[in-house]
Amino acid sequence: MEKFHRIVLFMLWVSLAVSCNVRSGIVDNAPVTLTAPDKVVSLSADTTFRNTFPEVLDCYAMQIVRDSILVLYVPATEEDPYHFKAYSTNTFDYLGEFIRTGRGPGEMIAPHIAKSNVSAGYLGVNDNQTGTAYLVDVMKSIQDNNTVAADTSALPSDVLDWLPLPDSGQFFLQQDADEMIYRIVAADNGQKTLHPYRNIDGKGNVTWFSSFFTANDAGKLAEIMIFFPQINFCDIESGSMYSVAVNREYRRWKSFLGRLPDMDTVQYYDGITSTSDYIFAIYKGYSLSDIRTGSCHGSSIHVFDWDGKFMYDIKVAEDISDMAYDSSAELMYCMDAESRIIRYDLSGIL
């Protein structure tokens, strides 16, 4: 009998421990699991990589296309009106530039790189100012000196973010009246609307919903939140959602609504990229004051699988802000605080 009581008490303790780690958060009806990484490792930048990319004076963002092309998003100028420059990841030869600034056919004002790995053979870009999104054939665009797209989409006027999805589907983050919604559009134009932030004033709290999205070819969507230490997962087919948090501060989400961020506000995440197997997210954990004054000392690359398992916390000495992963060579390219391109060799970790 005493053994039976010990077993019952143990099972009760396990049940309480699990219930304490699974709570509700900012996403409506989505359980949040507080988790820790399986492994914590430190990694130094690859000192054998010394490419300075002389054609690039400043870099805003990057993406790997076709496992062989590094695309850098640069500020367009009157002297150089192109938004993107491309390099071979094998030789680092300069391949050329593409997508002119403007409002004409194939042009963009402020393009945004879609960090989806669904269409890895193309560069997904959207521009809310011109209301267009493209899956760009990089090499043909360079060769033809014109934007050559495998697919072109018109964006709704209220769209905030866009991603290509499997089977020619599309994801839209939209402001619908006062609510922030997910809209999923299939190739046959069938639509599904999800309400992850139901009953929250999306217009008045739009800053708190700042995030980075990515999607994989198995029909899953992931959202890394900037001001909350969590990642939200969505099954595109069923619409079901769940969240994983890496810090207990996610529980304080209600206390932030209705006010603006200040210099004491903590920025948790600052970039995302993914493969079919992994999600990589840049973790800061610094106040906006520290980030603004350059008082940050290092970053982390959080690695999750698509089921939400927190696999690795990779600590780096540099303050990184964007990244692109070469899955064939297992090399992570990052942008440091001075907009220089550096890289890390993940082959010994993954």
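All values reported here derive from a predicted model rather than from experimental measurement. (Residues numbered from 1 in each chain as written. Predicted model: local features only at pLDDT ≥ 70, side-chain atom pairs only at ≥ 80, totals over all residues. Heavy atoms only, no water.)

## What about the pattern of salt bridges?
Two side chains bearing opposite charge may form a pair once their charged atoms approach each other closely.
Now for step 1: Under the defined criterion, the tally for this structure stands at 13 salt bridges.
Now for step 2: Residue Lys203 is joined to Asp178 by a salt bridge in which the shortest nitrogen-to-oxygen separation is 3.8 Å. One end of the pair, Lys203, is in the loop between strand S15 (191-194) and strand S16 (211-215); the other, Asp178, is in the loop between strand S13 (169-176) and strand S14 (179-185), with 25 residues separating them in the sequence.
Now for step 3: Residue class for Lys203 comes out exposed when judged on its relative accessible area of 54%.
Now for step 4: Its relative accessible area of 45% is what places Asp178 among the partly exposed residues.
Now for step 5: The salt bridge partner of Arg340 is Glu338, with a shortest N-O separation of 3.1 Å.
Now for step 6: Classification of Glu338 as exposed rests on a relative accessible area of 53%.
Now for step 7: What emerges from the salt-bridge pattern is a single network uniting Asp80, Lys85 and Glu97. (Salt bridge = Lys/Arg side-chain N within 4 Å of Asp/Glu carboxyl O. Helix = DSSP H or I, 4+ residues; strand = E, 2+ residues; numbered from the N terminus. Buried < 20%, exposed > 50% of the residue type's maximum accessible area, 1.4 Å probe, protein only.)

## Some details on the sheet that holds strand S6 (residues 82-88)
Now for step 1: Across the sheet, four strands lie side by side as S4-S5-S6-S7; this open sheet has antiparallel pairing. Whereas interior strands pair on both sides, the edge strands pair on one side only; in this sheet they are strand S4 (61-65) and strand S7 (94-100). Across the sheet, the mean angle separating the axes of adjacent strands is 25° when strand polarity is ignored. (Pairing = 2+ DSSP bridges. Axes fitted to C-alpha atoms, helices over the stretch in contact; angles between N-to-C directions.)

## Concerning the packing of aromatic side chains
In this description, an aromatic ring pair is defined by two values, namely the gap between the centres and the angle between the planes.
Now for step 1: Under the criterion given, the structure shown has 24 aromatic pairs.
Now for step 2: Centroid distance Tyr278 to Phe280: 5.9 Å. Interplanar angle 55°. Geometry classified as tilted. Per residue, the accessibility class of Tyr278 equals that of Phe280, and both read buried.
Now for step 3: Grouping aromatic residues by their ring pairs yields a cluster made of Phe49, Phe53, Tyr87, Phe92, Tyr94 and Tyr333.
Now for step 4: Of note, Arg100 hangs over the ring of Tyr82, and the distance from its end group to the ring centre comes to 5.5 Å. (Phe/Tyr/Trp six-rings, centres within 6.5 Å; stacked < 30°, edge-to-face > 60°. Lys NZ or Arg CZ within 6 Å of the ring centre and 35° of its normal.)

## Comments concerning the sheet that holds strand S23 (residues 310-316)
Now for step 1: Read from one edge of the open sheet, five strands run S3-S23-S22-S21-S20, paired in mixed fashion. Every other strand in the sheet has two partners, leaving strand S3 (39-42) and strand S20 (266-274) as the edge strands with one partner each. Going across the sheet, the axis of each strand differs from the next one's by a mean of 25°, ignoring polarity.
Now for step 2: Looking at chain direction, strand S21 (residues 278-287) and strand S22 (residues 299-305) are connected through six bridges and run antiparallel. Residue pairing in the sheet places Tyr283 in a bridge with Ser300 of S22.

## Observations regarding the side chain of Thr89
Now for step 1: Mapped onto the elements, Thr89 comes out in the loop between S6 and S7.
Now for step 2: Residue Thr89 is classed as buried on the basis of its relative accessible area, which comes to 8%.
Now for step 3: Those residues in contact with Thr89 that lie beyond four places of it in its chain are Ile64, Asp67, Ser68, Ile69, Leu70, Asp326 and Tyr333. (Contact = heavy atoms within 4.5 Å.)

## Re the nonpolar core
Now for step 1: If you look at the biggest cluster of nonpolar residues, it comprises 36 residues, and the most contacted ones within it are Ile26, Phe171, Tyr182, Tyr197 and Leu221.
Now for step 2: Of all elements in the fold, only strand S10 (132-136), strand S12 (159-165), S13, S14, S16, strand S17 (220-225) and helix H3 (253-256) reach the threshold of two or more residues within this core.
Now for step 3: Once residues within four sequence positions are removed from consideration, Leu221 is found in contact with Leu163, Phe171, Tyr182, Phe213, Thr214, Ala215, Asn232, Phe233, Cys234, Ile236 and Trp306.
Now for step 4: In this structure, Ile282, Ile320, Tyr325 and Cys334 belong to the second largest nonpolar core, which totals 19 residues. (Core = buried A, V, L, I, M, F, W, Y, C linked by side-chain atoms within 4.5 Å.)

## Section: the environment of Ile109
Now for step 1: Residue position: Ile109 is located in the loop between S7 and strand S8 (112-113).
Now for step 2: Ile109 gets classed as partly exposed once you look at its relative accessible area, which sits at 26%.
Now for step 3: Note: C-alpha distance between Ile109 and Glu249 (140 residues apart in sequence) is 37 Å.
Now for step 4: With near-sequence residues (within four places) excluded, Ile109 lies in contact with His83, Thr101, Gly102, Arg103, Asp127, Gln129 and Thr130.

## Quick look at the side chain of Glu179
Now for step 1: Of note, Glu179 is situated in strand S14.
Now for step 2: Arg198 provides the closest opposite charge to the buried, unpaired Glu179, separated from it by 5.2 Å.
Now for step 3: Once residues within four sequence positions are removed from consideration, Glu179 is found in contact with Gln174, His195, Tyr197, Arg198, Ile200 and Gly202. (Lys, Arg positive; Asp, Glu negative; His and termini not counted.)

## Quick word on the state of the cysteines
Now for step 1: What the rule picks out here adds up to zero disulfides.
Now for step 2: Note on Cys59: no disulfide assigned, nearest cysteine sulfur contributed by Cys334 at a separation of 11 Å.
Now for step 3: Since its relative accessible area comes to 0%, Cys334 is described here as buried. (Disulfide = S-S within 2.5 Å.)

## A word on unusual backbone geometry
Now for step 1: In this structure, Ile99 is a non-glycine residue whose phi angle is positive, near 60°.
Now for step 2: Relative to the helices and strands, Ile99 is located in strand S7.
Now for step 3: A positive phi angle is found at Glu330, which is not glycine, with a value near 55°.
Now for step 4: Along the chain, Glu330 turns up in the loop between strand S24 (322-326) and strand S25 (331-335).

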